[in-house]
Structure formats: C-alpha cells, structure tokens
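# Observations on the model geometry
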Amino acid sequence: LYFIGCLRQMVRSSGMGFNALVFAVVAHLFSCASTYIIAQGMGVPLAFQHSLMFVPLVMLATTLPISIGGWGVREMTMVWFLSLVGISNADAVAISLQTGLISMLMSLPGSVLWLLHKRHNTQQAA
C-alpha cells in the first residue's frame, strides 16, 4: 500500500518521474559498462554496443519469476544473446556469473542497512 502511494506520487509529480527515469537510465548504462569491462578483463571481444543492446534484455529476462534472483535465467539469456555475436558459451557463462556475483556483492551493504532499518522499526512498534 505504501509502495502504491509512492508510485502514485511519482507519476503525478513530473520532476520525480523525470528523476526516476534519469536514475534508471544511468543504472542501466552502468550495468552495460560493467558487463563490457568484465568481458574486456577476460579478453572476450565484446563490443560496447553489443553490451548496450543485450544487457538490458538480459536484465529484463532475470525479472521473470521463474528462478531465485534470476540465477540460471541470466546465464541462459546471456549465452543466447552473446552467441549471436560470436562469443563462446563458456565465455558468456563466465561473464554472466561474474556480473551476477558483482551485482550481489554491490547490493550487500543496502541489504544490511535494510535489515537494520527493519529491525529498528519493529522495535519501535513494540
């Protein structure tokens, strides 16, 4: 219910909606760039424009509620898309696993803060 109220407020306020759009685009660009950098670090010839094309589609596929955290779905879609540009299955899986692990590690501080905030709110309610 709180989420819907926040979403409604964001849609009604053009400034908030624009800011959310800018943050979303920047986040996707960083995801594409990180995948490109991982591939370059591994010596895989992934072009940046291919990363810009495929990574958002891979991220969209991971949101499907058919796995836990997108694991497996991300690897399968990454293999499929990167095979279209001549990258081997093994390299695509390695890129995907590293992308997933880095994403998970980057979200850990936020998870800890969320858990601490949740505990604080539970103690205040009691």
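Refer to the structure printed above.
Keep in mind that this is a model prediction, so the values were computed, not measured.

### Some thoughts on the overall build of the protein
For the protein, the count of helices and strands is five helices and zero strands. Tracing the protein from N to C terminus, the helices and strands come up as α-α-α-α-α. What you see for the protein is a C-alpha radius of gyration of 18 Å, clearly larger than the 14 Å of a compact globule of 126 residues, by over 25%. Viewed in the frame of its principal axes, the protein has a C-alpha envelope of about 55 × 35 × 25 Å.

### Comments concerning the packing of helix 2 (residues 14-42) against helix 3 (residues 48-62)
Taken N-terminus to C-terminus, the directions of helix 2 and helix 3 make an angle of 120°; their axes are 9 Å apart at the nearest point. Along this stretch, helix 2 crosses helix 3, giving a crossing that reads as right-handed. Listed contacts from helix 3 to His28, Leu29, Ser31, Cys32, Ala33, Thr35 and Tyr36 of helix 2 are Phe48, Ser51, Leu52, Val55, Pro56 and Met59. Of the residues in the contact of helix 2 with helix 3, the class split is nine nonpolar, four polar and no charged.

### Quick look at the nonpolar core
Core analysis: the largest hydrophobic core is formed by 13 residues, its most contacted members being Ala39, Val44, Leu46, Leu82, Ile87 and Ile95. Broken down by secondary-structure element, the contributors of at least two residues to this core are helix 2, helix 3, helix 4 (73-83) and helix 5 (89-125). The greatest single-element share of this core, amounting to four residues, is contributed by helix 4.

### Observations regarding the side chain of Glu75
Among the structural elements, Glu75 can be located in helix 4. Residue contacts for Glu75: discarding those within four places in its chain leaves Gly70, Ser96 and Leu97.

### Here we look at the environment of Ile38
Mapped onto the secondary structure, Ile38 falls in helix 2. Considered as a pair, Ile38 and Met10 are 28 residues apart in the sequence and their alpha carbons are 34 Å apart. Excluding residues that lie within four positions of it along the chain, Ile38 makes contacts with Ile95, Gln98, Thr99 and Ile102.

### Observations regarding a nonpolar patch on the surface
A cluster of nonpolar side chains, namely Phe18, Leu21, Val22, Val25, Val26, Leu29, Phe30, Phe48 and Leu52, defines an oily patch on the protein surface of about 810 Å² accessible area. At the level of elements, helix 2 and helix 3 are the ones that each hand at least two residues to the nonpolar patch. It is helix 2 that contributes the most residues to the nonpolar patch, seven residues altogether. With respect to the helices, strands and loops of the structure, Val26 is situated in helix 2. For Val26, a relative accessible area of 35% translates into the label partly exposed.

### Some remarks on the packing of aromatic side chains
Working definition: an aromatic ring pair is given by the centre-to-centre distance plus the angle between the planes. The full count for this structure, using the stated rule, is three aromatic pairs. Between Tyr36 and Phe48, the aromatic rings sit 5.4 Å apart at their centres with planes inclined by 80°, giving edge-to-face as the arrangement. Of the two residues, Tyr36 is situated in helix 2 and Phe48 in helix 3; the sequence distance between them amounts to 12 residues. On the basis of relative accessibility, which here comes to 32%, the residue Phe48 falls in the partly exposed class. Between Phe54 and Phe81, the ring centres sit 5.2 Å apart and the planes meet at 15°, which makes this aromatic pair stacked. Placement of the pair is Phe54 in helix 3 and Phe81 in helix 4, with a sequence separation of 27 residues. Each of the two residues, Phe54 as well as Phe81, counts as buried.

Calculation notes
Throughout, residues of each chain are indexed from 1 in the direction in which the sequence is written. Totals for whole chains, interfaces and linings use all residues, but because this is a predicted model, local features are given only for residues with pLDDT of at least 70 and pairs of side-chain atoms are given and counted only at 80 or more. As a rule here, side-chain values cover all heavy atoms of the structure and leave hydrogens and water aside. Helix and strand definitions follow DSSP, with helices as H or I runs of at least four residues and strands as E runs of at least two, each counted in order from the N terminus. Computation of the radius of gyration draws on C-alpha atoms alone. For the globule rule, the value is 2.2 Å times the number of residues to the power 0.38. With axes taken as lines fitted to C-alpha atoms, and helix axes fitted only over the stretch in contact, angles between N-to-C directions fall between 0 and 180 degrees. We call a crossing left-handed when the near helix sits turned anticlockwise from the far one by less than a right angle, and right-handed when that turn is clockwise. Pairs of residues are marked as contacts when any of their non-hydrogen atoms sit within 4.5 Å. Any residue that is not Ala, Val, Leu, Ile, Met, Phe, Trp, Tyr, Cys, Pro, Asp, Glu, Lys or Arg is counted as polar, Gly included; the first ten are nonpolar and the last four charged. As used here, the term nonpolar core means buried Ala, Val, Leu, Ile, Met, Phe, Trp, Tyr and Cys residues forming a set that is joined through side-chain atoms within 4.5 Å. Only protein chains enter the accessibility calculation, which uses a 1.4 Å probe. A residue is then buried if its area is under 20% of the maximum for its type, exposed if over 50%, and partly exposed in between. Only residues whose relative accessible area exceeds 30% and that take part in no salt bridge are eligible for patches, with like-charged residues grouped when within 9 Å of each other and nonpolar side chains (Val, Leu, Ile, Met, Phe, Trp, Tyr) grouped when within 5 Å. Areas reported here follow the Shrake-Rupley algorithm with a probe of radius 1.4 Å; residue values treat only the protein chains shown as occluding. The salt bridge definition used is simple: a Lys or Arg side-chain nitrogen within 4 Å of an Asp or Glu carboxyl oxygen. Classification of ring pairs uses Phe, Tyr and Trp, with its six-membered ring standing for Trp, and accepts pairs whose centres are within 6.5 Å; under 30 degrees between planes counts as stacked, over 60 as edge-to-face, and the remaining range as tilted.

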